[in-house]
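# Chains, contacts and geometry: an overview
One letter stands for each residue in the lines below.
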Amino acid sequence: MLRRVFYSQSAIRPSVRLCKTEQYGRRRLSISAAAIVKSAPAPIQPYLRLMRLDKPIGTWLLYLPCTWSIGLAADPGCLPHLGMLTLFGTGALLMRGAGCTINDMWDKDFDKKVSRTATRPIASGEISQFQALVFLGGQLSLALGVLLCLNYYSIALGAASLSLVVTYPLMKRITYWPQLVLGLTFNWGALLGWSAVMGSCDWSVCLPLYFSGVMWTLIYDTIYAHQDKEDDLKIGVKSTALRFQEQTKPWLSGFVVAMMSGLVMAGVNAEQTLPYYAVLSTVAIHLTHQIYTLDINKSEDCWKKFVSNRNLGLLLFLGIVVGNLWKERRETLLQNEELEAFR
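In this text, all values refer to a predicted model and were calculated from it rather than measured experimentally. (Residues numbered from 1 in each chain as written. Predicted model: local features only at pLDDT ≥ 70, side-chain atom pairs only at ≥ 80, totals over all residues. Heavy atoms only, no water.)

## Points about the overall build of the protein
Looking only at helices and strands, the protein features 16 helices and two strands. Out of the 343 residues in the protein, the part that is buried amounts to 52%. For the protein, the accessible surface area stands at approximately 16,000 Å², while carbon and sulfur atoms represent 63% of it. (Helix = DSSP H or I, 4+ residues; strand = E, 2+ residues; numbered from the N terminus. Buried < 20%, exposed > 50% of the residue type's maximum accessible area, 1.4 Å probe, protein only. Areas by Shrake-Rupley, 256 points an atom, 1.4 Å probe, with all protein chains shown as cover.)

Written out as structure tokens, the structure is:
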């Protein structure tokens, strides 16, 4: 049902709980996003749930391509721009919330027919369509404030993504490839992150990175979609899970090859170094294992594989950062070799 747009379960299982460690006999406090929402004043809880603040996995998957791009754009030997990472994190939270609101406004009637989504604030009647529209306006206004902190090129580029955000929820009604449109939407940050740092896009880096992000989304969201395929059939919506069916693994394997090819091309054009390619090898192994062991008929396994992509995205970001820091060492070695040659 493409609530996967903005993902309907939490990567961190609910709540604040006190638990005693057997080893030390101490009580420790475990805090989750769901617990934070539950502790908020009752009147605002439906709005926080509408923007999926209690379920952060979608925000992570929207944010991570931004971090890759910002990391690749950093000067050789330097860490990524912390201010940009913070700004894009805020923007990801707001735009994911806006996307969830748009999705639930479009899907109100569908959500009522599925037990897992019938309790959503709009479907259950906790929030009216008008209230949701006003809330959406507030989220988009704040997101615009974040966008206006960027350069003019990035403002125009960011504004261009809004049409994808608005129309994506409709795609499941007309095509078996809504996950492709989700990929185009969710990975816009792969373009925007670079332009925010550098002033414009280097398409030789940004396009392969964007392409890889789209392939990544096709992988994880097809896996996610297998959880909802029975409900999707009942209410008449489409997904790549229904398109691929038992051929899912061969399709996902092809997406992995395409994703890794794009990441290699982006790395070569960004003059990345050994640590980056070492991490790419680990990413490829993880995705291969993920697909090989996937059971598309077990929702629990699909969910487990799906949420593992957050760590995969963080690992890739780490590889970009370390690879960029390695550039300084490589350039120093080259300079020393040139000096030795002149002696």
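## Quick notes on the packing of aromatic side chains
Each aromatic ring pair is summarised here by two numbers: the centre-to-centre distance and the angle between the ring planes. Across all of its chains, the model carries 14 aromatic pairs by this definition. Ring centres of Trp-68 and Trp-216 lie 5.1 Å apart, and the angle between their planes is 45°; on these two criteria the pair is classed as tilted. Of this pair, Trp-68 sits in helix H3 (residues 57-72) while Trp-216 is found in helix H11 (residues 203-225), placing the two residues 148 residues apart along the sequence. Residue class for Trp-68 comes out buried when judged on its relative accessible area of 0%. Among the aromatic side chains, those forming a connected cluster through ring pairs are Trp-68, Trp-216, Tyr-220, Tyr-224, Trp-303 and Phe-306. One Lys or Arg, Lys-238, reaches over the ring of Tyr-176 and ends 5.7 Å from the middle of that ring. (Phe/Tyr/Trp six-rings, centres within 6.5 Å; stacked < 30°, edge-to-face > 60°. Lys NZ or Arg CZ within 6 Å of the ring centre and 35° of its normal.)

## Details of the packing of H3 against helix H4 (residues 82-106)
Two numbers describe how H3 lies on H4: the axes approach to 9 Å, and their chain directions differ by 150°. Judged on the interaxial angle alone, H4 and H3 are roughly antiparallel. Considering only the axes of H3 and H4, their crossing is right-handed. Facing Gly-58, Thr-59, Leu-62, Tyr-63, Cys-66, Thr-67 and Ile-70 of H3, the residues of H4 in contact are Met-84, Leu-85, Phe-88, Gly-89, Ala-92, Leu-93, Met-95 and Arg-96. Its residues placed into classes, the contact of H3 with H4 shows ten nonpolar, four polar and one charged. (Axes fitted to C-alpha atoms, helices over the stretch in contact; angles between N-to-C directions. Parallel < 35°, antiparallel > 145°, perpendicular 65-115°, else oblique. Left-handed = near helix turned anticlockwise from the far one by under 90°. Contact = heavy atoms within 4.5 Å. Nonpolar A, V, L, I, M, F, W, Y, C, P; charged D, E, K, R; others polar.)

## Some thoughts on the pattern of salt bridges
Using the criterion set out here, one finds seven salt bridges in the structure. With a closest N to O distance of 2.7 Å, Glu-126 and Arg-49 form a salt bridge. Of the two residues, Glu-126 is situated in the loop between helix H5 (108-112) and helix H6 (129-147) and Arg-49 in helix H2 (residues 45-50); the sequence distance between them amounts to 77 residues. Across the pair Lys-305 and Asp-301 runs a salt bridge, and its minimum N-O distance is 2.6 Å. Here the residue Lys-305 and the residue Asp-301 both occupy positions in helix H16 (residues 299-342), the gap between them amounting to four residues, near one helical turn. Note on Asp-301: relative accessible area 16%, which makes it buried. A single salt-bridge network, built from bridges that share partners, covers Arg-52, Asp-104, Asp-111 and Arg-120. (Salt bridge = Lys/Arg side-chain N within 4 Å of Asp/Glu carboxyl O.)

## With respect to the side chain of Gln-179
Checked against the element boundaries, Gln-179 lands in helix H9 (residues 178-186). Only 3.1 Å separates the side chain of Gln-179 from the side chain of Asp-221, close enough to count as a polar contact. (Polar contact = N/O pair within 3.5 Å; in protein donor to acceptor, adjacent residues only side chain to side chain.)

## Details of helix H7 (residues 152-159)
Taken residue by residue, H7 has Ser-154, Ile-155, Leu-157 and Gly-158 as its buried positions. An end-on view of H7 places all buried positions within 170° of arc, on one side of the element. Away from its buried face by more than 90 degrees, H7 exposes Tyr-152 and Ala-156. Elements that come into contact with the buried residues of H7 comprise H6, helix H8 (162-167) and helix H10 (189-198). (Arc of directions from axis to C-beta.)

## Some words on unusual backbone geometry
A positive phi is found at Arg-52, a non-glycine position, where the angle reads about 60°. By secondary structure assignment, the location of Arg-52 is in the loop between H2 and H3. Here Arg-52 falls in the buried class, since its relative accessible area comes to 3%.

## What to know about a nonpolar patch on the surface
Taken together, the side chains of Trp-106, Leu-162 and Val-166 present a nonpolar region at the surface, about 250 Å² in accessible area. The class of Val-166 is partly exposed, set by a relative accessible area of 34%. (Patch = residues over 30% accessible without salt bridge, like charges linked within 9 Å, V, L, I, M, F, W, Y side chains within 5 Å.)

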